[in-house]
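# Breakdown of the fold
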Amino acid sequence: MSDLTQEGLAEQSDVSVDVIRKLEQRQRGSATLPTLHALAKGLGVELTTLLGDPPGVPSTGAAEPPQLVAVRRAIMPPLFAPPPEPKRADKLTLPLLRAEIADAWTLYHDAEFGRLMELLPDIINDARFLASVGADDERAAGQAALGKALQLGGHLAIRMGKTDLSLSALERAMNAAADSSDPLLSAMISNSVAWNYQRQNRLDDATNLAIYAADNVQCNHATDASGVRVWGGLLMSAATSYARGGDYERADEMMRTAEKAAGRVAKMPAPEDGRLVSVFSKSSVRIERVRLAVQHGRPEEALTLAKGMRLSKDTPPSWRTWLLLDVACAHADVGNAEGAVKALESLRRVAPTWMRHHTLAVAIVRDLWELPVRPAGLRSIAEFLGVVA
C-alpha cells in the first residue's frame, strides 16, 4: 500500500509506532476509529481501505463486471448518444416507478447488491424518461423519482468502493432534486453526500454539509414525520463525523438529541412510503450509538446501550447485522469470549454471506482463536470463515 516505514508513517499520521506495529501484526483492538482516520490520511488512502467493509461484489482485480458497467452507464449516459427508450413506455407510470424504486431500496438494505445491480439501470433510465415528459407537475414528480433512483445509485457505488462514481450519481441526484416536487429530497441527498465525504476522510466537509442541511430542514419541515426523520438522519451523520474526528462527547450529545427526536417520530403519522425517506428511528439511533462506542474503545458503554434493545419492524436487515457484529466486538474487547461467540452465531444465522465477506468478523474470530481456552462453538464459526481448516 505504501513505501513508508513504520517510523515514517507514524510521523506523517501522528500515530505512535507501537500502534502501527500492532496493526501490522493484525491485533484488532489496537486502534480506534480516529486513529484509523489519521492513518488513512497519512497513507493517502480512503478510510474503507483500512476498515475492511464487506464488498458488494467480490473483487478480483479484473475489469468491472458487466452489471456494474451498466449501472455506471445509467448514472453517466454516454456523450452525444440519444437517451435510451424505456422498455415499457406504454405501461410506465409514476406510481409503478416509485414502487419499484422503493423495492430497490429494500434490496439495498437487505444487501442484495447483485440483484440491485441488475435492476437499477432500467429504473434510472425509466426515471430519466418520466422526468422529461408531460406537464410541468408530471416532470417535477419524475425528477423526484430520478433523484431517488440516482441517490440509490450513489449508495450502491459506495458499497462497491467507487466513491467517485457515487459523487457523480449524487451530484446528478441533487440536480434532479432542484427541479423536483419533493421539498425534502435535497436534504436526503445531502446526507448521502456527507456519508461519501466520510468515506473519503473529508470529515469537515461531511460535518458542515450535514449541519447546513439539518438547519434548513428544521426551519421548514419540523412538524411532520418525514421532516423529523430527515433532520434526525442528518443529525446522526454530523455526530458520526464528529466522533470519527475524535470529538466523542459532542457526538454523543448529538446522538442523544437524535434519540429524543426519534421518540417524537414514533408518535406521528407514518409517511406514505417510509422506504423513500431517510432511515431514522429509535432503533437506528441506538444502533449507531453502539457502533460509535465500539469504535471509540468504549465496549462497556456499547454493551449497556445494546442491552435489552427491541428493534423496530422497519429496521433494515443491514442495520441488524451491524449491531450483532458490534456487540460481538464489544464482548471480545471486555474479555467475554462466550458472549462474543453467541453474537457471532446469531450473525451467522441472519447474514452468513455478509459475515463471510467482513474482515472485522474474521479478525474477531482470529483473536478468539488465539485464546488459551477457546469458548464452545468457536470452531464451527472459525471453519465457516476459513480461519482454520
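You'll find the structure just up there.
Overview of the structure. Here the structure is a predicted model, which means the values were calculated and not measured.

### Describing the overall build of the protein chain
Within the protein chain, the regular secondary structure consists of 20 helices and 0 strands. With 389 residues in all, the protein chain has 52% of them scored as buried. The contacts in the protein chain between residues at least 6 apart in sequence include a share of 66% that link residues at least 24 apart. Total accessible area computed for the protein chain in this model is approximately 18,700 Å², and 51% of it derives from carbon and sulfur atoms.

### Digging into the packing of helix α8 (residues 136-159) against helix α10 (residues 185-199)
Relative to each other, α8 and α10 sit at 15°, their axes nearing to 11 Å. Between α8 and α10, the angle falls in the class roughly parallel. Seen along the crossing, α8 lies across α10 with a hand that is left-handed. On the side of α8, the interface is formed by Q143, A144, G147, K148, Q151, H155, I158 and R159, while α10 contributes L185, M188, I189, S192, W195, N196 and R199.

### Looking at the environment of M76
For M76, the location among the structural elements is in the loop between α5 (66-75) and α6 (94-109). You can call M76 partly exposed: its relative accessible area is 26%. In contact with M76, not counting residues within four places along its chain, are L165, S168 and R172.

### Here we look at unusual backbone geometry
At F80, a residue that is not glycine, the phi angle is positive and equals roughly 65°. Assignment of secondary structure puts F80 in the loop between α5 and α6. Positive phi is not limited to glycine here, since N201 has a value of about 65°. Residue position: N201 is located in the loop between α10 and α11 (203-220).

### Some thoughts on the pattern of salt bridges
Throughout the structure, instances matching the rule amount to 14 salt bridges. Here K162 ties to E64 by a salt bridge, and the two come within 3.3 Å at their closest N and O atoms. Of this pair, K162 sits in the loop between α8 and α9 (163-178) while E64 sits in the loop between α4 (47-51) and α5; the two residues are 98 residues apart in sequence, bridging distant segments of the chain. Residue classification places K162 among the partly exposed positions, given a relative accessible area of 27%. E249 is the salt-bridge partner of R298, the closest N and O atoms lying 3.1 Å from each other. Of the two residues, R298 sits in the loop between α14 (282-295) and α15 (299-306) while E249 sits in helix α13 (residues 248-265), which places them 49 residues apart along the sequence. By sharing partners, the salt bridges in this structure join D252, R256, E259, R286 and R289 into a single network.

### Description of α6
Helix length check: α6, at 16 residues, gives a terminal C-alpha distance of 23 Å against a target of 22 Å (1.5 Å per residue), a fit within 8%. Every buried residue belonging to α6 is among L97, I101, A102, A104, W105, L107, Y108 and H109, and all of these are buried. Where α6 is buried, its residues touch α7 (113-130), α8, α10 and α16 (317-333). Here α6 starts with a cap whose side-chain oxygen sits 3.3 Å from the backbone nitrogen of L96, and that cap is T93. Among the residues trailing α6, A111 stands out with phi positive, at a value near 60°.

### Description of α11
Look at α11: 26 Å from first C-alpha to last across 18 residues, which is about the 26 Å you get at 1.5 Å a residue. Considered for burial, the residues of α11 that qualify are L203, A206, T207, A210, A213, A214 and V217. One side of α11 carries all its buried residues, which in axial view fall inside an arc of 145°. Opposite the buried face of α11, at more than 90 degrees from it, the exposed residues are D204, N208, Y212, C219 and N220.

### A short note on the environment of K267
Its location among the elements puts K267 in the loop between α13 and α14. Linking K267 and A225, residues 42 residues apart in sequence, is a C-alpha distance of 8.8 Å.

### With respect to the packing of aromatic side chains
Centre-to-centre distance and the angle between the planes together describe a pair of aromatic rings. All chains considered together, the criterion is met by 2 aromatic pairs. Plain terms: the ring middles of W105 and Y108 are 5.9 Å apart, the flat faces sit at 80° to each other, and that makes the pair edge-to-face. Here Y108 and W105 lie together in helix α6, a separation of 3 residues that amounts to about one turn. Residue W105 shares its accessibility class with Y108, and that shared class is buried. Each residue in the set W105, Y108 and F113 is aromatic and connected to the rest through ring pairs, giving one cluster.

Parameters at a glance
Residues numbered from 1 in each chain as written. Predicted model: local features only at pLDDT ≥ 70, side-chain atom pairs only at ≥ 80, totals over all residues. Heavy atoms only, no water. Helix = DSSP H or I, 4+ residues; strand = E, 2+ residues; numbered from the N terminus. Buried < 20%, exposed > 50% of the residue type's maximum accessible area, 1.4 Å probe, protein only. Contact = heavy atoms within 4.5 Å. Areas by Shrake-Rupley, 256 points an atom, 1.4 Å probe, with all protein chains shown as cover. Axes fitted to C-alpha atoms, helices over the stretch in contact; angles between N-to-C directions. Parallel < 35°, antiparallel > 145°, perpendicular 65-115°, else oblique. Left-handed = near helix turned anticlockwise from the far one by under 90°. Salt bridge = Lys/Arg side-chain N within 4 Å of Asp/Glu carboxyl O. Expected span 1.5 Å × (residues − 1). Polar contact = N/O pair within 3.5 Å; in protein donor to acceptor, adjacent residues only side chain to side chain. Arc of directions from axis to C-beta. Phe/Tyr/Trp six-rings, centres within 6.5 Å; stacked < 30°, edge-to-face > 60°.

The values reported here are purely geometric and, on their own, carry no functional implication.
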